[in-house]
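What follows is the residue order along each chain.
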Amino acid sequence: MRVSVLGLGYVGCVSAACLAGMGHEVIGVDVNQVKVDLVNDGKAPVVEERIGELVAEGVRTGALRATGDVREAIADSEVSLVCVGTPSEPNGSLCTTYLERVTEEIGAALAEGAEQGGRHTVVFRSTMLPGTCLNLLLPILEKYVGGTAGVDIGVAVNPEFLREGTSVRDFFDPPKTVIGELDPASGDVVAALYEGLPGEVFRVPVPTAEAIKYADNAFHGLKIGFANELGAVCQALGVDSHQVMDVFLADRKLNISPAYLRPGFAFGGSCLPKDLRSLVHAARRADVSVPILAHVLPSNADHLQRAVELVERTGKRRAGLFGLSFKPGTDDLRESPLVELAERLFGKGYDLRIYDANVSLSRLLGANREYIETRLPHLAQLLADSVEEVLDHAEVCLVGTRDPAVLAALPHGEGPVIVDLVRLPDAEARRAEPGYVGLAW
């Protein structure tokens, strides 16, 4: 394919050189003439393993060249990769100035060459927040081109997952390829660019592709911060942190796995809250600052509060809650977030009914009974004997369980507002219905 790459920083230079190495005809574009001259001399404008030889080989064979002229590059290509920077503004917001400017230039160049025919595809590889492409860049492109994106022009978002230092290796052996496609034809063009590379390909809506890059980078930062804070606590307590993490990382079932990484309701139970509190307390006693660990429980409390606010926004006063124990299939109520939710709603004056097939006040014993008598002493008058009793009572239902009896009874369309705390199996279909609200989806 004939490809133009706009922006010859790390991402752009590596993308251009590697695509040329795959057999594409590539034109790199940059406002910095020094970078353009370096590429045309067969030299890489960035320092990176293998990049020098790839650039030199691409220029030698004629597969790679560079220019400062956007119009020339667009005229000589069928697909454009936008790899300009998106730095932070002083207030932390995303700077889209370079994205907007290059989109205007691409649009103007496409308008000039419209009579040549053939649909050009613009692929945004720069990191940008969800909504940036559809709400900001697409209108600019359509305005300058005088056409419709997805019809007259192809548009896609294709985030990169390249680590500086190993970016060439990462390009040829990617962890995944993500294609945010405005329409299938746009996605087909991007998929063809990377044909032959290993790794799973995900073709998703444009905003999803934009968000995936942020999910990755936020989690990478969180992992590093977590490991460093835990290391500092271990050092203060005289423990070998690397030994701890070696064992931690060996657990592929719960620790380094998909476990606990699906948005849902707040966590609770007899382990996580108390152990986090103990660890943070030990860190403070040792004079070790652990802002990530110290804010896990407050973050969890904020997530629970979101559920309360969703109920408040409905304006309804008769509420039903399905599920009460901290984990389905048990009657353990200790530090259950659903108990906390019930307590807050009851405290705010809601007329509440609760159903949990596993919870019977007469069967609660020991610490479990003591906990509920302390936190929700009116439980006996709130518990319902059946799903139907709750549904008959409630104007708004909070679903905190996937109990088959509950799922089967939940109405569609007309009926109480459904506040989904667990992402119901038919959540996708329900999202189109009035009266359904997902907690974090």
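Anything mentioned here points back to the structure above.
A brief structural summary.

Thresholds, definitions, all that
Sequence order sets the numbering: in each chain, residues are counted from 1 along the sequence as written. pLDDT decides what is reported in this predicted model: residues at 70 or higher carry local features, side-chain atom pairs at 80 or more are listed and counted, and totals for whole chains, interfaces and linings draw on all residues regardless. With hydrogens and water stripped out, all remaining heavy atoms of the structure feed into the side-chain values. When a carboxyl oxygen of Asp or Glu is within 4 Å of a side-chain nitrogen of Lys or Arg, the pair counts as a salt bridge. Strands here are runs of E lasting at least two residues and helices are runs of H or I lasting at least four, both read from the DSSP assignment and numbered beginning at the N terminus. Partly exposed describes any residue whose relative accessible area lies between the buried limit of under 20% and the exposed limit of over 50%, with all areas from a 1.4 Å probe on protein chains only and scaled to the type maximum. Patch membership requires more than 30% relative accessible area and the absence of a salt bridge. Residues of like charge join within 9 Å; the nonpolar side chains Val, Leu, Ile, Met, Phe, Trp and Tyr join within 5 Å. Only the protein chains shown count as cover for residues, and all accessible areas are computed by the Shrake-Rupley method using a 1.4 Å probe. Charged residues are defined here as Lys and Arg on the positive side and Asp and Glu on the negative side; His and the ends of the chain fall outside this count. For this purpose, a charge sits on NZ of Lys, CZ of Arg, CG of Asp or CD of Glu. The pairing criterion is simple: DSSP has to find at least two bridges between the two strands. Throughout, right-handed denotes a crossover for which the path from the first strand over the helix to the second runs clockwise when the strands point away from the viewer. We define a nonpolar core as any set of buried Ala, Val, Leu, Ile, Met, Phe, Trp, Tyr and Cys residues linked to one another through side-chain atoms lying within 4.5 Å. Every angle, taken between N-to-C directions, lies between 0 and 180 degrees, and every axis is a line fitted to C-alpha atoms, over only the stretch in contact when it is a helix. Note on contacts: a residue pair qualifies if any of its non-hydrogen atoms lie within 4.5 Å across the two residues. Here a polar contact means two N or O atoms within 3.5 Å. Within protein one must be a hydrogen donor candidate and the other an acceptor candidate, and residues neighboring in sequence count only if both atoms are side-chain atoms. Working definition: roughly parallel below 35 degrees, roughly antiparallel above 145 degrees, roughly perpendicular at 65 to 115 degrees, and oblique for all remaining angles. In a left-handed crossing the near helix is turned counterclockwise from the far helix by less than a right angle, and in a right-handed crossing that turn is clockwise. In the scheme used here, Gly and all other residues not listed as nonpolar or charged are polar, with Ala, Val, Leu, Ile, Met, Phe, Trp, Tyr, Cys and Pro taken as nonpolar and Asp, Glu, Lys and Arg as charged.

Moving on to the pattern of salt bridges. All told, the structure shown has 22 salt bridges when counted by the stated rule. Measuring nitrogen to oxygen at the nearest pair gives 2.7 Å for the salt bridge that ties aspartate 216 to lysine 176. Residue aspartate 216 is located in helix H9 (residues 206-236), and its partner lysine 176 is located in the loop between helix H7 (167-172) and strand E7 (177-181); the two are separated by 40 residues in the primary sequence. Accessibility expressed as a relative area gives 16% for aspartate 216, which makes it buried. Of the charged contacts, one joins arginine 430 and aspartate 426 as a salt bridge, the two residues approaching to 3.1 Å between their closest N and O atoms. By relative accessible area, which is 2% here, arginine 430 ends up buried. We classify aspartate 426 as partly exposed; its relative accessible area is 26%.

Taken together, the side chains of Phe219, Leu222 and Leu261 present a nonpolar region at the surface, about 270 Å² in accessible area. By the element assignment, phenylalanine 219 lies in helix H9. Of the residues examined, phenylalanine 219 reaches a relative accessible area of 35% and is grouped as partly exposed.

There is a patch of like negative charges on the surface, built from Asp385, Glu388, Glu389 and Asp392. Mapping aspartate 385 onto the fold places it in the loop between helix H16 (379-382) and helix H17 (387-393).

Judged from the four bridges that link them, E7 and strand E8 (residues 201-204) form a sheet pairing that is parallel. Pairing of threonine 177 across the sheet is with valine 201, part of E8. Read from E7 through helix H8 (residues 184-193) to E8, the crossover connection turns out right-handed.

Turning next to the nonpolar core. Generally speaking, a soluble globular protein has its nonpolar side chains buried in company with each other. By size, the foremost hydrophobic cluster in this structure holds 47 residues, and its most contacted members are Leu321, Phe322, Leu324, Leu341, Ile354 and Leu421. Where this core is concerned, the elements lending two or more residues are helix H13 (296-314), strand E9 (318-322), helix H14 (337-347), strand E10 (351-355), H16, H17, strand E11 (396-399) and strand E12 (417-420). Listed in part, the 34 residues of the second largest apolar core include Cys18, Leu19, Ala66 and Leu193.

Across the sheet, five strands lie side by side as E10-E9-E11-E12-E13; this open sheet has parallel pairing. Every other strand in the sheet has two partners, leaving E10 and strand E13 (436-438) as the edge strands with one partner each. Averaged over neighbouring strand pairs, the angle between their axes works out to 20° when direction is ignored. Of the strand pairs in this sheet, E9 and E10 are connected by five bridges, and their pairing is parallel. Looking at the pairing, alanine 319 lines up with leucine 352 of E10. On top of the sheet, H13 reaches E11, E12 and E13; it is set at about 165° to E11, its chief contact.

With respect to the helices and strands, asparagine 158 occurs in the loop between strand E6 (154-157) and H7. A distance of 3.0 Å separates the side chain of asparagine 158 from the backbone oxygen of valine 178, its partner in a polar contact. A distance of 2.5 Å separates a polar atom in the side chain of asparagine 158 from a polar atom in the side chain of tyrosine 194. Ignoring anything within four residues of it in the chain, the contact list for asparagine 158 reads Val123, Phe124, Arg125, Thr177, Val178, Val190 and Tyr194.

Helix H3 (residues 51-61) packs onto helix H1 (residues 10-21) with a crossing angle of 55° between their chain directions and a minimal axis gap of 9 Å. Classified by the angle their axes make, H1 and H3 are oblique. Read as a crossing pair, H1 and H3 show a hand that is left-handed. Packed against H1, whose contacting residues are Cys13, Val14, Ala17 and Cys18, the element H3 presents Ile51, Leu54 and Val55 at the interface. Residue composition of the contact of H1 with H3, grouped by class: seven nonpolar, no polar and no charged.

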